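Structure assessment
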Amino acid sequence: MNEVEHLSCDVLVIGAGGAGLRAAVEARLAGKSVIVISKSLFGKAHTVMAEGGAAAAMGNVNSNDNWQVHFRDTMRGGKFLNNYRMAELHAREAPDRIWELETYGALFDRTADGKISQRNFGGHEYPRLAHVGDRTGLELIRTLQQKLVSLQQDDEAAGEGEDKLQVIDETTITELFTAGGAVKGAFGYRRGTGRFMAIAAPSIVLATGGIGRSFKVTSNSWEYTGDGHALALRAGAKLINMEFIQFHPTGMVWPPSVRGILVTESVRGDGGVLKNSEGKRFMFDYIPEVFKAQYADNPDEADRWYTDPDQNRRPPELLPRDEVARAINSEVKAGRGTEHGGVYLDIASRRSAEYIRERLPSMHHQFKELADVDITAEPMEVGPTCHYIMGGIEVDADTAASAVTGLFAAGEVSGGMHGSNRLGGNSLSDLLVFGKRAGQHAAAHAGASEPPKLTAAEIDAATEEALRPFGNDGENPFALQSAMQAINGRLVGIIRRAGELEEALTELAALKDRIANVSASGGRAYNPGWHLALDLRNMYVCSVATAMAALERDESRGGHTREDAPGMNPQWRKVNLVASLEDEEVRLTRRAVPSMTPELLGLFETSELSKYMTPEEYQSSTESST
Ligand code: FAD
């Protein structure tokens, strides 16, 4: 039963969410043979769960919007720690990627004059999210899957069937093979049968999404265990900004079985407001200095904004997510939370039942089915939930290439694009822009080379590692995952302190040997205990990288709040924390954040730059841009 299935291709794409599928389309269009591997069922990825929409400055609803405004918003959202070149490419190319989806068969909601409709979201100056009700991700995945099928049909016509484009789902990759600093293939197992698989490929695109399952309260589903992050580290690539984790402000809090499930930001974009247990609309008390110019400080102006956005400032409920999550946390901590430890999100008293049902059908259904709450008549109870990791594989902005030759990364698994905090809607556009780029450059790298040779010794070693839990008489994988989630939630959560982070690192270190001794029983077919046992070491290495970086960065910025180091420090804005793996231990180094070009710096007022940068930086920037 240890027989290994051998496959080869030009471009191996690991992950079948939006980034993976977009990369696969591009690589196949470039004439390369492609295999796409997905841990879950084909079509079931986080991308399909995306509700609100994809951000792209098409200017359909407000013609003042353009790529420069989107770039500015993204940099502000990320508190200027973003890889500026990624943010620039993203803002410039997102509209084309959305229009292109329509040429593949997607159909976005329309404005009255027939253009693609765009909705408001936190941190975006203008209505910018192209959407399909609150089921945008479903349309995106459906369209990309359909595109893949159409490409397979072209191959069929050429007599090659799926030879050139194969999708293998319910298969987990556990190792990457490398030689001389370059990737040459991957190893994994089919979840249904436990059968092993080795795939030789000169180019690999990692598109495995996030790490959310390292936290108990999360919007992420079971397969998000940081596999791509860990595979990249073990292959010799680097991770950046792992301290920045986005806690989405609005997850469900009640009943306990659904705690963490996402409540889309569209509820606030469409008029919903946050209230505490005293009925106070509290976000006006939490507008930080850097955003005072753009956000209304009173309910009248905030409400006028929905109908007259050019003459009024935005409601503070639409501040970037890190700000709203911290505000909710403070209200609950101050004893003004709801019975179940959240706050109220009220759209019922602000919009008609008909409007709510039309704009937010999934939310209406979700609350009715899961909590027996009718959101057209009652407020929702919400609280922060671990949602997204800004940190990820360090890549070249233009090519999506990592530090390992032939290894590319796109989508949530890559780092840099969102800086210290991602704006809602910027992930769907990110994965389209950089998925395409990753596919294009992975195809170019593969060139006309022969598939690399995988040795029996490396396949045997990967097999042995995958089977190790069966030989152990040790720890229960579910208990270990709970222990890790408890450490992360208690000590590396939304508000952090140095002492607690040190404690987290000590407690995580104590888990290391226990994870090495994790055991699985039973057979290899559909064995969730064995699957989790193999995922644990990935969650572990990501958790350590996050805790180490969170301890090192003694300032508060975006998705990293240090109670003992409040406020942003301009010196830290110049620093990326880079994690690598040496002798199985995470090492952290500092790397300078590249300086923005004068052209891009010129898009900001000096008065704004001065809130983020050292005087030398913004003074020299104004000199060079004049
Ligand atoms: P994913 O779509 O997460 O796909 C990852 C793929 O990798 C999956 O196929 C998975 O099975 C596979 N995989 C993982 N590990 C392995 C492995 N070891 N071997 C093989 N395959 C593996 N963003 C927005 O911009 N707008 C929104 O409205 C929005 N709403 C969201 C709502 C929810 C509920 C959630 C959870 C997220 C939302 N996001 C939204 C975020 C966004 O959906 C994700 O960040 C994005 O879809 C990630 O896309 P991806 O292609 O990088 O990865």
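This text goes with the structure placed above it.
Presented here is a report on the structure given in the accompanying data block. Along each chain, numbering runs from 1 in the same order as the chain's sequence is written. Residues qualify for local features only when their pLDDT is at least 70, as the model is predicted, and side-chain atom pairs are given and counted only at 80 or more; totals for whole chains, interfaces and linings, by contrast, use all residues. Side-chain calculation: all heavy atoms of the structure are included, whereas hydrogens and water are not.

1. Description of the packing of helix α15 (residues 498–516) against helix α16 (residues 528–552)
Two quantities define a packed helix pair, namely the angle between the helix axes and the distance between the axes. Viewed as axis vectors pointing N to C, α15 and α16 meet at an angle of 160°, and their least axial separation amounts to 9 Å. As far as their axial angle goes, α16 and α15 are roughly antiparallel. Crossing of α15 over α16 shows left-handed handedness. In this structure, α15 uses Ala498, Leu501, Glu502, Leu505, Leu508, Ala509, Lys512 and Ile515 to contact α16, whose residues at the interface are Leu536, Arg537, Tyr540, Ser543, Val544, Ala547, Met548, Ala550 and Leu551. When grouped by side-chain class, the residues that make up the contact of α15 with α16 number 13 nonpolar, 1 polar and 3 charged. Angular values range over 0 to 180 degrees, each being the angle between N-to-C directions of two axes fitted as lines to C-alpha atoms, with helices fitted over their stretch in contact. The helix count covers DSSP runs of H or I at least four residues long, the strand count covers runs of E at least two residues long, and both are numbered beginning at the N terminus. Roughly parallel means an angle under 35 degrees; roughly antiparallel means over 145; roughly perpendicular covers 65 to 115; every other angle is labelled oblique. Crossings are classed by handedness, with left-handed meaning an anticlockwise turn of the near helix from the far one by less than a right angle and right-handed meaning a clockwise turn. Residue contacts are counted whenever heavy atoms from the two residues lie within 4.5 Å of one another. Amino acids outside the nonpolar list (Ala, Val, Leu, Ile, Met, Phe, Trp, Tyr, Cys, Pro) and the charged list (Asp, Glu, Lys, Arg) are all regarded as polar, and Gly is one of them.

2. Some details on the packing of aromatic side chains
For Phe, Tyr and Trp, rings pair up if their centres lie within 6.5 Å, where Trp contributes its six-membered ring, and each pair is then called stacked (planes under 30 degrees apart), edge-to-face (over 60) or tilted (otherwise). Throughout the structure, instances matching the rule amount to 13 aromatic pairs. Seen from their ring centres, tyrosine 189 and tryptophan 530 are 4.7 Å apart, and the 35° between their planes marks the pair as tilted. Separated by 341 residues along the polypeptide, tyrosine 189 in strand β9 (residues 182–190) and tryptophan 530 in helix α16 bring together distant segments of the chain. Overall, tryptophan 530 belongs to the buried group, its relative accessible area being 0%. By definition, being over a ring means that NZ of Lys or CZ of Arg is both within 6 Å of the ring centre and within 35 degrees of the ring normal. The ring of tryptophan 67 has arginine 92 sitting right over it, with the charged end atom 4.0 Å from the ring centre. If you follow arginine 351 out to its NZ or CZ, it ends over the ring of tyrosine 306, 5.1 Å from the centre. Burial classes: relative accessible area under 20% of the type maximum marks a residue as buried, over 50% as exposed, and values in between as partly exposed (1.4 Å probe, protein chains only).

3. With respect to the environment of aspartate 473
Counting through the fold element by element, aspartate 473 comes out in the loop between α13 (456–471) and α14 (477–491). The exposure class assigned to aspartate 473 is exposed, which follows from its relative accessible area of 79%. It is 50 Å that separates the C-alpha atoms of aspartate 473 and leucine 274, two residues lying 199 residues apart in sequence.

4. Some thoughts on the layout of surface pockets
Only protein atoms enter the 1 Å grid used here. Points where a 1.4 Å probe fits but cannot escape make up a cavity, open sets with protein on both sides within 12 Å along at least five of seven lines make up a pocket, and a residue lines them when an atom lies within 4 Å of a point. Grid points are joined across faces, edges and corners, and a volume is the space filled by probe spheres set on the points. The computed volume of the second largest pocket comes to approximately 550 Å³. Around the second largest pocket, the lining comprises 21 residues; the ones closest to its centre are Asn329, Pro384, Gly489, Gly493 and Ile494. Residue assignment for the lining of the second largest pocket shows that the elements contributing at least two residues are α9 (321–333), β16 (380–389) and α14. Residues of the lining of the second largest pocket, tallied by class, amount to 8 nonpolar, 7 polar and 6 charged.

5. Here's the deal with the sheet that holds strand β6 (residues 129–130)
Strand pairing is assigned whenever DSSP detects at least two bridges linking the two strands. One open sheet accounts for 3 strands, arranged β4-β6-β5; its pairing is antiparallel. Since the sheet does not close on itself, it has two edges, and those belong to β4 (54–55) and β5 (118–119), each with one partner. Where β4 lies against β6, 2 bridges are found, and the strand directions are antiparallel. Looking across to β6, one finds that alanine 55 is bridged to leucine 129.

6. Section: the site of the ligand
Throughout, the term near means that a residue has one or more heavy atoms lying within 4 Å of the molecule or strand in question. The immediate surroundings of the ligand are formed by 39 residues, with Thr47, Gly52, Tyr224, Asp227 and Glu412 found nearest. Pairing of N or O atoms within 3.5 Å defines a polar contact, subject to two protein rules: one partner must be a possible hydrogen donor and the other a possible acceptor, and residues neighboring in sequence count only if both atoms are side-chain atoms. A distance of 3.0 Å separates an oxygen atom of the ligand from a polar atom in the backbone of alanine 16. With respect to the ligand, the side chain of tyrosine 224 contributes an N or O atom lying 2.8 Å from an oxygen atom. Within the residue set of the shell around the ligand, elements represented by two or more residues are α1 (18–29), α2 (46–49), β8 (171–179), β16 and α12 (426–446). The biggest single contributor to the shell around the ligand is α12, with 4 residues. By residue class, the composition of the shell around the ligand is 14 nonpolar, 19 polar and 6 charged.

7. Structural notes on the nonpolar core
Membership of the largest hydrophobic core comes to 111 residues, with the highest contact counts inside it found for Leu12, Ile98, Leu176, Ile204, Leu206, Ile393 and Leu407. The greatest single-element share of this core, amounting to 11 residues, is contributed by α16. Counting 41 residues, the second largest nonpolar core, distinct from the first, contains Ala91, Met283, Leu319 and Tyr618. Definition of nonpolar core: a set of buried residues of the types Ala, Val, Leu, Ile, Met, Phe, Trp, Tyr and Cys, connected through side-chain atoms within 4.5 Å.

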